[in-house]
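The residues making up each chain are set out below.
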Amino acid sequence: MTPENGRSSKARPPAGPPTTSMVVLCLYVVDQAPNSVQAVANLEAICQRHLKGKFKLEIIDVIEFPQHALDNGVIVTPCLAKLSPSPTARIIGNLSDTDKVMRALGIPAASGP
Amino acid sequence: MNTVIDPHLHTDGKLADGGLGKVILRLVRSRSERMAIEAGEIDAILDPESGSLILLPEASRTLSQRRAGGELAASNTPERHAGLALDALGIQVGLLDANGVLLLANQAWRAGAAGGNGFGAKVCEHANYLAACDAATGDSQVDGAMIAAGIRQVLAGQRDLFRYDHADGPLAAAGRNAAVDRRRYQLTVTRVAGAGAVRALLAREDVSEHKRGERLLALEYAVARCLADAVTPSEALTAVIRAVCESLGWDCGRYFRPDPATDLLRFDSAWGLPTEAVQQFLQASRPLLFRPGTGLKGRVYQSGQPHWVVDGFAPTALAPATGAEGAFVFPVRSDAQVIGVLAFSGAGIREPDDRLLQAVRAIGGQLGQFLLRQQAAETLRRDAAHFRALTELSCDWHWQQDRELRFTHLEGSSAFGSDEVLGKRSWELPSVIAGGSDWGSHRAQLAVRWSFHHFEFTVARADGQRGRFSISGEPVYDAAGTFTGYRGTGIDLGQGPQR
């Protein structure tokens, strides 16, 4: 279950190749743990503001899908993985550093609503 | 998947160098990961080797709180009801998986984990209880090893039930009276094996009050045994004081009783630990006198209520010598009357709870009854000796008969030998001369169990002279009111009339 432009809680990993026009993201969290909740909120705010209509976000709960995280080399949560477009990137933490997240996602600093 | 919590990790946002902190240091290699951990922005770490999910404490607390609120179980009514039922229990209940990871815990367990001491006390859901037991150190190391072994036996199917009593909390915090003060727990581990995976159900119950009640009950029995075995009041007092001190961990005890002449409380008996300071303290107590209403002992004697000085509040006489600062004084009662006070001193004397007050009331009552019985028996012995002395001084002799009116006892008579009297009725005595006495009326009186006075009769003495005697007697009944015979006295009236 991978709805576009939205969030799928505790969903399976994304299937199929990402399109170049879309930023495909995967956020690994632990249920409603504090940093995970904060990471989801921060990421949703960034996406709504800077990637409106141009992103796919999947949220993986490692309590339910630990093997998926391990298969993708994730060992700490929250962890945001940018799967496409290249280059791929990973950000560890609660994503409170907006500039750092935007740089990793390839969003220009001057980009605004 | 195992989920564990490192108790050494993340309390200040830093990676600790012990326990699972080492594992995390091994796993986390990138600078960004390490920085995020130290900034407190991480919820969990996955260990690819063991497949464990290491939850950091804040994340674990959040998940536990959600579970406690029924949020996670809300979609499943039977589970939710089961969870609510478990939460209603006062004992701590937890379920371990085959690896010892705590899968779920009830509210009592979570509350204990939030503020508990000792090994395993801080283990929350998703943490490994067995690992915590294995990691126990110091005073808890043996208990931790025993519990871990028992749980593993249950999980392996080698036993269905494992039960273990243990003390908990730091030994140092319990002070000098640790054996009495540390909290006691009973852990029961039950194997749960159905169609699914093997589980171990843990029930951890605080049995401190129960154990304390058992100890006080044993003390009451011990006091009763002391009183049954004692021959003298002094023996009884010493044994009872010792039993109380040894059971409750107090240093010494003294008994003060009122002096009838002055009405002041005077030292009577004592027992104390065989240390120089305590023995000196007891020796110094011997000349002490207390006026009723004055001082701790005087107030207890006057009010009839227990008084105590809690350790650490007001120094007692024992404090300078031994460091013991507590005192507990309670009355020794016989019915409504206070007949003395027991004063105990030592470290570890705490404000008494209801059970201890109940125990000291029982002990004071038992001891009071014993002392009063001893006093009554002593009075009786004195009276009997007094009576015997008077009897021996008089010229009377005394006798007893059984219910068939046969003599069973004769003492003090110079006129009759025992061998010619015992077993015979008075009118059957061979030397009795039938004439001169109304034996018919006398026998009629005896038949209806009347008392008689000054019944006179004549006997033929061995020297051929006649002797005149007077006897008096009264019927004797046992406690059930059954006639058991006669007893009485006799007097030699001198030479009787010659025939």
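The preceding data block contains the structure.
Per chain, residue numbering runs from 1 following the sequence as it is written. Each chain is given a letter, starting from A, and each ligand a number, starting from 1, according to the order in which they appear as written. Residue-level local features of this predicted model are given only where pLDDT is at least 70; pairs of side-chain atoms are given and counted only at 80 or more, and the full residue set underlies all totals for whole chains, interfaces and linings.

Caption draft 1: Expanded view of the nonpolar core. Nonpolar cores are identified as sets of buried Ala, Val, Leu, Ile, Met, Phe, Trp, Tyr and Cys residues joined via C-beta atoms within 7 Å. Whether a residue is buried, exposed or partly exposed is read from the other C-beta atoms within 10 Å of its own C-beta, which are placed from the backbone; 20 or more gives buried, 12 or fewer gives exposed, and intermediate counts give partly exposed. The biggest cluster of nonpolar side chains holds 45 residues, and the ones touching the most others in it are Val240(B), Ile241(B), Val244(B), Val341(B) and Leu342(B). Numbering of helices and strands runs from the N terminus; a helix is a DSSP stretch of H or I covering at least four residues, while a strand is a stretch of E covering at least two. Broken down by element, the residue count for this core peaks at eight residues, all from helix α10 (residues 233–248) of chain B. Setting aside residues up to four positions removed in sequence, Ile241(B) forms contacts with Gly253(B), Tyr255(B), Ser269(B), Ala270(B), Trp271(B) and Leu342(B). Core analysis: the second largest hydrophobic core is formed by 43 residues, Cys47(A), Leu95(A), Ile54(B) and Ala59(B) among them. A pair of residues counts as a contact when their C-beta atoms, built from backbone coordinates, are separated by no more than 7 Å.

Caption draft 2: Up close: the sheet that holds strand β8 (residues 199–206) of chain B. All names here are of chain B. When DSSP locates at least two bridges between a pair of strands, those strands are taken to pair. Strands sit in the order β5-β4-β8-β7-β6 across an open sheet of five strands; the sheet is antiparallel. The open sheet is flanked by β5 (102–105) and β6 (161–168), the only strands paired with a single partner. For this sheet the average axis-to-axis angle between neighbouring strands, irrespective of direction, equals 20 degrees. Looking at chain direction, strand β4 (residues 92–96) and β8 are connected through five bridges and run antiparallel. Convention adopted: a line fitted to C-alpha atoms gives each axis, helices being fitted over their contacting stretch, and angles between N-to-C directions are expressed from 0 to 180 degrees.

Caption draft 3: Main features of the sheet that holds strand β1 (residues 23–29) of chain A. Residue and element names in this part refer to chain A. Taken together, four strands build an open sheet; the order of strands is β2-β1-β4-β5 and the sheet is mixed. This sheet does not close on itself; its edge strands, each paired only once, are β2 (55–61) and β5 (89–92). Across the sheet, the mean angle from the axis of one strand to that of its neighbour is 15 degrees, orientation sign disregarded. Two strands pair when backbone bridges link them, and strand β4 (residues 79–84) and β5 are joined in this way by four bridges, in the antiparallel orientation. Note on β5: the bridge partner recorded for alanine 81 is arginine 90.

Caption draft 4: Summary view of the interface of chain A and chain B. With 20 residues of chain A at the contact, the number on the chain B side is 21 residues. Put simply, the parts of the chain that give the side of chain A that touches chain B at least two residues each are α1 (34–50), α2 (66–71) and β3 (76–77) of chain A. Gly is put with the polar residues, along with every residue not named as nonpolar or charged; the nonpolar set is Ala, Val, Leu, Ile, Met, Phe, Trp, Tyr, Cys and Pro, and the charged set is Asp, Glu, Lys and Arg. Here the side of chain A that touches chain B is composed, by residue class, of 13 nonpolar, six polar and one charged. In terms of strand pairing, β3(A) meets strand β2 (residues 44–47) of chain B through two bridges, oriented antiparallel. Its bridge partner lying in β2(B), Val76(A) is registered against Ile45(B).

Caption draft 5: Structural view of unusual backbone geometry. Omega for the bond connecting Thr77(A) with Pro78(A) falls within 30 degrees of zero, at 0 degrees, which places this linkage in the cis form. Examined against the element boundaries, Pro78(A) turns out to sit in the loop between β3 and β4. One non-glycine residue, Leu95(A), lies in positive phi territory at about 60 degrees. Of note, Leu95(A) is situated in the loop between β5 and α3 (98–105). Given 25 C-beta atoms within 10 Å, Leu95(A) falls into the buried group. Within the chain, His454(B) stands out as a residue other than glycine whose phi angle is a positive 55 degrees.

Caption draft 6: How the structure looks around the pairing of β4(B). Residues and elements named next belong to chain B. Most of β4 sits inside the fold, with four of its five residues counted as buried. Sheet topology places β4 next to β5; three bridges connect them, and they run antiparallel. Pairing of glycine 94 across the sheet is with alanine 105, part of β5. Hairpin connection between β4 and β5: a loop of five residues separates the two successive antiparallel strands, and glycine 100 in this loop has a positive phi of roughly 90 degrees.

Caption draft 7: Representation of the pairing of β1(A). All names here are of chain A. Of all seven residues that make up β1, seven are buried, and the element is covered over most of its length. Because side chains alternate across β1, one face comprises the buried residues Val23, Leu25, Leu27 and Val29, and the other comprises Val24, Cys26 and Tyr28, equally buried. Note that β1 and β2 share seven bridges and pair parallel. Paired with tyrosine 28 across the strands is isoleucine 60, a residue of β2. A crossover counts as right-handed when, viewed with the strands pointing away from the observer, the path leading from the first strand over the helix to the second turns clockwise. The handedness of the β1 to β2 crossover, carried by α1, is right-handed. With five bridges joining them, β1 and β4 adopt antiparallel strand pairing. Bridge pairing in β4 links leucine 27 to leucine 80.

Caption draft 8: Region of the structure containing the packing of helix α9 (residues 208–229) of chain B against α10(B). Residues and elements named next belong to chain B. Put simply, α9 and α10 touch, their axes get as near as 9 Å, and they point 165 degrees apart. One finds that α9 runs roughly antiparallel with respect to α10. Crossing hand, α9 versus α10: right-handed. In this structure, α9 uses Arg215, Leu219, Ala222, Val223, Cys226 and Leu227 to contact α10, whose residues at the interface are Ala236, Ala239, Val240, Ala243, Val244 and Ser247. Any angle that falls under 35 degrees is termed roughly parallel, while one over 145 is termed roughly antiparallel, one within 65 to 115 roughly perpendicular, and all others oblique. Should the near helix be turned anticlockwise from the far one by less than a right angle, the crossing is left-handed, and should it be turned clockwise, the crossing is right-handed.

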